[in-house]
Amino acid sequence: MTGTFTQEQSAATPPTITGSVSLIVTFYGPLNQLNQLTSVLCRYFDLKPFASIDKTWLYPADSTLPERVLQQFEPPAARDTSVVQLLLNGEGEVKTVWNDLEEQVMKALQEKMDENAFLQDMLNTSPIATSTNRSLWGYTQVKQVSIDSSYDIKKTAEKLLDTPHLADDSLEFGHLWLVETPTKGYGLQAKTEYVAFCTYEQNDDFMEKILFGPHSLLLMPDLIAHKGYHQIRQYQFIHSGDSIKTHTNKIRNIIGQLLQTTNYTDESTIEIAQSYDPLIESLPYLEGLQISLERMLHNYTWWRERFSNDIVEYHYSALETASCELELLVTEVKGTLEVTHTAIELREDRHNKLHELWRRRIETLIIGIGLILAIPQWITLDVVGSLSCWVPVLITSNQPDPCSTLSLFIWQCVLLVVVGLLVMLVLDRIRRR
């Protein structure tokens, strides 16, 4: 790649940077799921198969210095993945060429996406698209330019960075800036962006060994990071709008109210079920994402030890933070479900005890009423007359005969009341045991 770097002398005029500019776009997806993407890009950019290398397309065909190159391959260290890399070259003012090349790629995808349902599903920015196996894990744009070695790479790059970069580091043949991570959305929104600078003399090595091809040093750390960010987007989607927080807080509030009162209503049960069901459904999904993200973090650690720099550390920190957040989220959901189970069991126990208490009261009342109704059948006038002969009574000449009918009736009433009270007292003592 050759070109020129020019800087105007006027202090009021910003520097103009021109030269040979490249845009590398790398798509990552499940194995054998990017074939139609390759076909679309080959047709749009008029790429022809390169006879010397399998699954490589060029324009112009068989050129030693092609303007456009496309490769599709499975990384040696990730056999579950398909990678499509598109390299576009241009000449002119750097930022203008970068923007033009990026617009060409987006135009190719947008136009063909409307015509191709499979491609539309794969590149869809809707979270629903991620439920299919055809979803794109993400893609990376590397905006690259080579400059004369007499110029300071960092100061020159600052003229081209529109936004503050997230991380940067000097590599063996150049310098790399991380500008954007794929946290904004899905499909075409799941973009990682780098800006890469090198000198003319190191351009070929920088491209082949660091940026482009199945054996480039950036490929595997970038791929694993994309897989990790893909998992992050999944849990962020299911956690969107603090939906899980809303459900957990709602359940805890309802349970707190239920434990403070014995007045249970069906509405409380319905409200708990409305929040409980989404949580119980999301838990296995969240646990699967947690395991997958921990696996990505473990794999990334291996590459981190061999390709350690600020950019790799930035991705690692993002994945590690997300893993901790997901672990806390799973713990919170499990805790809420356990609290719900305990509260429901406690509520059922209280309800059963209350039900048992009322059952015993009703049984006692029925037995008491039955006994009281039966007492008149036991304590008749004849029985009272027989008992009255054993009761010492002061009789005066002016008093009626105690064995008279009226006297017997009075004694019968007294005995009925006394025996009834004794029966109720005994039944109450039995009920309290």
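Since the structure is predicted, the reported quantities are computational estimates derived from the model, not experimental observations.

The rules behind the values
Residues numbered from 1 in each chain as written. Predicted model: local features only at pLDDT ≥ 70, side-chain atom pairs only at ≥ 80, totals over all residues. Heavy atoms only, no water. Helix = DSSP H or I, 4+ residues; strand = E, 2+ residues; numbered from the N terminus. Contact = heavy atoms within 4.5 Å. Areas by Shrake-Rupley, 256 points an atom, 1.4 Å probe, with all protein chains shown as cover. Core = buried A, V, L, I, M, F, W, Y, C linked by side-chain atoms within 4.5 Å. Buried < 20%, exposed > 50% of the residue type's maximum accessible area, 1.4 Å probe, protein only. 1 Å grid on protein atoms, 1.4 Å probe; cavity = no way out; pocket = protein on both sides within 12 Å on 5 of 7 lines; lining within 4 Å. Points joined across faces, edges and corners; volume = space filled by probe spheres on them. Nonpolar A, V, L, I, M, F, W, Y, C, P; charged D, E, K, R; others polar. Salt bridge = Lys/Arg side-chain N within 4 Å of Asp/Glu carboxyl O. Phe/Tyr/Trp six-rings, centres within 6.5 Å; stacked < 30°, edge-to-face > 60°. Lys NZ or Arg CZ within 6 Å of the ring centre and 35° of its normal. Patch = residues over 30% accessible without salt bridge, like charges linked within 9 Å, V, L, I, M, F, W, Y side chains within 5 Å. Lys, Arg positive; Asp, Glu negative; His and termini not counted. Charge placed at Lys NZ, Arg CZ, Asp CG, Glu CD. Polar contact = N/O pair within 3.5 Å; in protein donor to acceptor, adjacent residues only side chain to side chain. Axes fitted to C-alpha atoms, helices over the stretch in contact; angles between N-to-C directions. Left-handed = near helix turned anticlockwise from the far one by under 90°. pLDDT = per-residue confidence, 0-100. Arc of directions from axis to C-beta.

A.B. asks: Teacher, can you tell me more about the overall build of the protein here?
C.D. replies: Summing up its helical and strand segments, the protein has eleven helices and nine strands in all. Considering only intrachain contacts with a sequence separation of at least 6, the fraction spanning at least 24 residues in the protein is 69%. Accessible area for the protein stands at about 23400 Å²; split by element, carbon and sulfur atoms hold 55% of it.

A.B. asks: Would you take a moment to explain the nonpolar core for this structure?
C.D. replies: Soluble globular proteins: nonpolar side chains tend toward being buried together. Ranked by size, the top nonpolar core spans 54 residues in total, and within it Leu176, Phe206, Leu211, Tyr235 and Leu286 carry the most contacts. Dropping the residues within four chain positions of it, Tyr235 is found in contact with Leu286, Leu289, Ala322, Glu325, Leu326 and Leu329. Within the second largest apolar cluster, 41 residues are counted, among which are Phe27, Cys42, Leu136 and Leu188.

A.B. asks: How should the layout of surface pockets be read in this particular structure?
C.D. replies: Rolled over the atoms, a probe with the dimensions of a water molecule shows which regions are left empty. One number sums up the size of the largest pocket: a volume of about 710 Å³. Lining of the largest pocket is provided by 25 residues; of these, Thr64, Leu65, Pro66, Leu87 and Asn89 occupy positions nearest its centre. Secondary-structure elements contributing two or more residues to the lining of the largest pocket are strand E1 (18-30), strand E3 (56-59), strand E4 (68-73), strand E5 (81-93) and helix H5 (203-211). Taken together, the residues that form the lining of the largest pocket break down as eleven nonpolar, ten polar and four charged.

A.B. asks: I'm lost on the pattern of salt bridges in this one. Help?
C.D. replies: Pairs can form between side chains of opposite charge once their charged atoms are near each other. Summed over the entire model, instances satisfying the criterion amount to eleven salt bridges. The salt bridge partner of Lys143 is Glu102, with a shortest N-O separation of 3.5 Å. Taken together, the positions of Lys143 in strand E6 (residues 138-147) and Glu102 in helix H2 (residues 94-115) put the pair 41 residues apart, joining distant regions of the chain. With respect to class, Lys143 is no different from Glu102; both count as buried. Note that Glu305 is salt-bridged to Arg306, the shortest N-O span being 3.6 Å. A single salt-bridge network, built from bridges that share partners, covers Glu102, Lys143, Glu180, Lys184, Lys191 and Glu193.

A.B. asks: Looking at this structure, how should I read the environment of Asp204?
C.D. replies: One can find Asp204 in helix H5. A sequence separation of 58 residues divides Asp204 from Ser146, and the C-alpha atoms of the two residues are 9.8 Å apart.

A.B. asks: Where do I start with the packing of aromatic side chains in this structure?
C.D. replies: Within a pair of aromatic rings, the relevant descriptors are the distance that separates the centres and the angle that separates the planes. Scanning the model with the defined rule gives five aromatic pairs in all. The interplanar angle of 80° and the centroid separation of 5.8 Å between the aromatic rings of Trp177 and Phe197 together place this pair among those described as edge-to-face. Within this pair, whereas Trp177 is found in strand E8 (residues 175-180), its partner Phe197 is found in strand E9 (residues 191-199), the two being separated by 20 residues in sequence. Over the ring of Tyr59 we find Arg68; its NZ or CZ atom is 4.3 Å from the centre of that ring. Over the aromatic face of Tyr316 sits the side chain of Arg304, whose NZ or CZ is 3.9 Å from the ring centroid.

A.B. asks: I'm lost on a negative patch on the surface in this one. Help?
C.D. replies: A contiguous patch of negative charge, built from Glu172, Asp204, Asp205 and Glu208, is present on the exposed surface. Relative to the elements of secondary structure, Glu208 occurs in helix H5. The class of Glu208 is exposed, set by a relative accessible area of 57%.

A.B. asks: How should I be thinking about the side chain of Thr81 in this particular structure?
C.D. replies: Its place among the elements puts Thr81 in strand E5. Residue classification places Thr81 among the buried positions, given a relative accessible area of 0%. Looking at Thr81, its side chain comes within polar contact range of the side chain of Asp80, at 3.0 Å. Reaching out from Thr81, the side chain makes a polar contact with the side chain of Lys227 at a distance of 3.2 Å.

A.B. asks: Sorry if this is basic, but what is going on with the environment of Met220 here?
C.D. replies: Its location among the elements puts Met220 in helix H6 (residues 219-238). Given a relative accessible area of 9%, Met220 falls into the buried group. Placed 142 residues apart in sequence, Met220 and Ala78 show a C-alpha to C-alpha distance of 8.2 Å. Once residues within four sequence positions are removed from consideration, Met220 is found in contact with Pro75, Ala77, Ala78 and Trp303.

A.B. asks: Is there a simple way to explain empty space enclosed by the protein in this structure?
C.D. replies: Taken as a whole and assessed by the stated rule, the structure comprises two cavities of 30 Å³ or more. Size it by volume and the largest cavity reaches roughly 70 Å³. With three residues, the top contributor of residues to the lining of the largest cavity is E1. Here the lining of the largest cavity is composed, by residue class, of six nonpolar, three polar and one charged.

A.B. asks: Just checking my understanding: could you explain the packing of helix H1 (residues 35-44) against H2 for this structure?
C.D. replies: A pair of packed helices can be characterised by two numbers: the angle between their axes and the separation between those axes. At a closest axis distance of 10 Å, the pairing of H1 and H2 adopts a crossing angle of 120°. Where H1 crosses over H2, the handedness of that crossing is right-handed. Judged by residue contacts, Leu37, Val40, Leu41 and Tyr44 of H1 engage Gln104, Lys107, Ala108, Leu109, Glu111 and Lys112 from H2. Each residue belonging to the contact of H1 with H2 can be placed in one class, and the counts come to six nonpolar, one polar and three charged.

A.B. asks: How do you make sense of the confidence of the model for the protein when you look at a structure like this?
C.D. replies: For any part of a model where pLDDT is low, the fine detail of the predicted coordinates should not be relied upon. Chain-level pLDDT for the protein is 77 on average; 75% of the residues reach the 70-or-more range. When mean pLDDT is taken per element in the protein, E4 scores highest with 94 and helix H10 (residues 381-388) scores lowest with 61. Considering only residues more than four positions removed or in separate chains, one finds that residues 1-15, a stretch of pLDDT under 50, has 37 contacts. Taken together, the stretch residues 393-399 has pLDDT below 50 and engages in three contacts with residues farther than four places along the chain or on a different chain.

A.B. asks: I keep staring at H5 and nothing clicks. Help me out?
C.D. replies: Owing to its 3.6 residues per turn, the α-helix aligns residues three or four sequence positions apart on the same side. Buried residues of H5: Asn203, Phe206, Met207, Ile210 and Leu211, and no others. Mapping the buried residues of H5 onto a view down its axis gives an arc of 110°, with all of them on the same face.

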